[in-house]
Amino acid sequence: MPEVDLYGTASPHTVMRQHIDYNHWYDRQKHSLKIVSNTQYVASMNPKAGSFTINPRLQRHFTVFAISPPGSEALNTIYTSLFNGHLKHLGFSNAIQKIGANVVNAAIKIHEKVSTSFLPTAIKFHYLFNLRDLSNVFQGMAFSGPDAMKTPLSICRVMLHECDRVYSDKLVTEEDLDLFKSLVTKIATETFSDMEPEQLLSEPRIHTHFSGGIGEPKNG
């Protein structure tokens, strides 16, 4: 959002409002009237950044919709459907398909814990975690294939690797990295209690979708 001036307005908004009101504005160089027709405005706001002041004379032209972030139950429904569809479509083993819901549950728990544990500060201003990061986790997991992922343990480790790639790469201090590692360890061991923690959390935990060179990308 543009910075609000001394009088509570923003110049770009005023120009926009003038066009919506009168379908024209004036060319300040040629001193001529410029008519702009057949134009529709669609706008959105970031609820966590920028200015939140909109002049009522502009806002009255818009129908306002505000959507709150989905809760854990909704996220589980969405990503479980997507991830299970991926596992079933590519023909993963039944053992891996059965654990799909737990993998989704663990990824969402990690996302929620990271979002509340690592908050932005003046120095760590980039500590902003949203659903785009969670989607990036599942986007990386979507590169996995049944030829490389043969056991439930392997798909769980891919999920943990993607969480490392998406979340821990943003962290800038050893203290934050240690905290991230501890919360991931706690969530993973609780969610996958039937697996050996040494095998589940052993490092290095590296997977790539480009190790095979040119061709269909897949995690391996």
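Digging into a nonpolar patch on the surface
A grouping of Tyr-26, Leu-33 and Ile-35 is seen on the molecular surface, where their side chains present a nonpolar patch of about 350 Å² in accessible area. Turning to its location among the elements, Leu-33 is positioned in strand E2 (residues 32–35).

So, the layout of surface pockets
Empty space among the atoms can be located by rolling a probe the size of a water molecule over them. A volume near 300 Å³ is recorded for the second largest pocket. Surrounding the second largest pocket, 13 residues form its lining, Asp-164, Ser-168, Phe-180, Glu-203 and Arg-205 being those nearest its centre. Of all elements in the fold, only helix H6 (152–166) and helix H7 (174–191) reach the threshold of two or more residues within the lining of the second largest pocket. Among the elements that line the lining of the second largest pocket, the one with the most residues is H7, at five residues.

Observations regarding the packing of aromatic side chains
With the rule as written, the count across this model stands at five aromatic pairs. Measuring from ring centre to ring centre gives 6.3 Å for Phe-118 and Tyr-127, while their planes differ by 85°; the resulting arrangement is edge-to-face.

Overview of the pairing of E2
In this structure, strand E1 (residues 24–27) lies alongside E2, joined through four bridges in antiparallel fashion. Note on E2: the bridge partner recorded for His-24 is Ile-35. Between the antiparallel neighbours E1 and E2 lie four residues, among them His-31 with a positive phi of about 55°.

Rules used throughout
- Residues numbered from 1 in each chain as written.
- Predicted model: local features only at pLDDT ≥ 70, side-chain atom pairs only at ≥ 80, totals over all residues.
- Heavy atoms only, no water.
- Patch = residues over 30% accessible without salt bridge, like charges linked within 9 Å, V, L, I, M, F, W, Y side chains within 5 Å.
- Areas by Shrake-Rupley, 256 points an atom, 1.4 Å probe, with all protein chains shown as cover.
- Salt bridge = Lys/Arg side-chain N within 4 Å of Asp/Glu carboxyl O.
- Helix = DSSP H or I, 4+ residues; strand = E, 2+ residues; numbered from the N terminus.
- 1 Å grid on protein atoms, 1.4 Å probe; cavity = no way out; pocket = protein on both sides within 12 Å on 5 of 7 lines; lining within 4 Å.
- Points joined across faces, edges and corners; volume = space filled by probe spheres on them.
- Phe/Tyr/Trp six-rings, centres within 6.5 Å; stacked < 30°, edge-to-face > 60°.
- Pairing = 2+ DSSP bridges.

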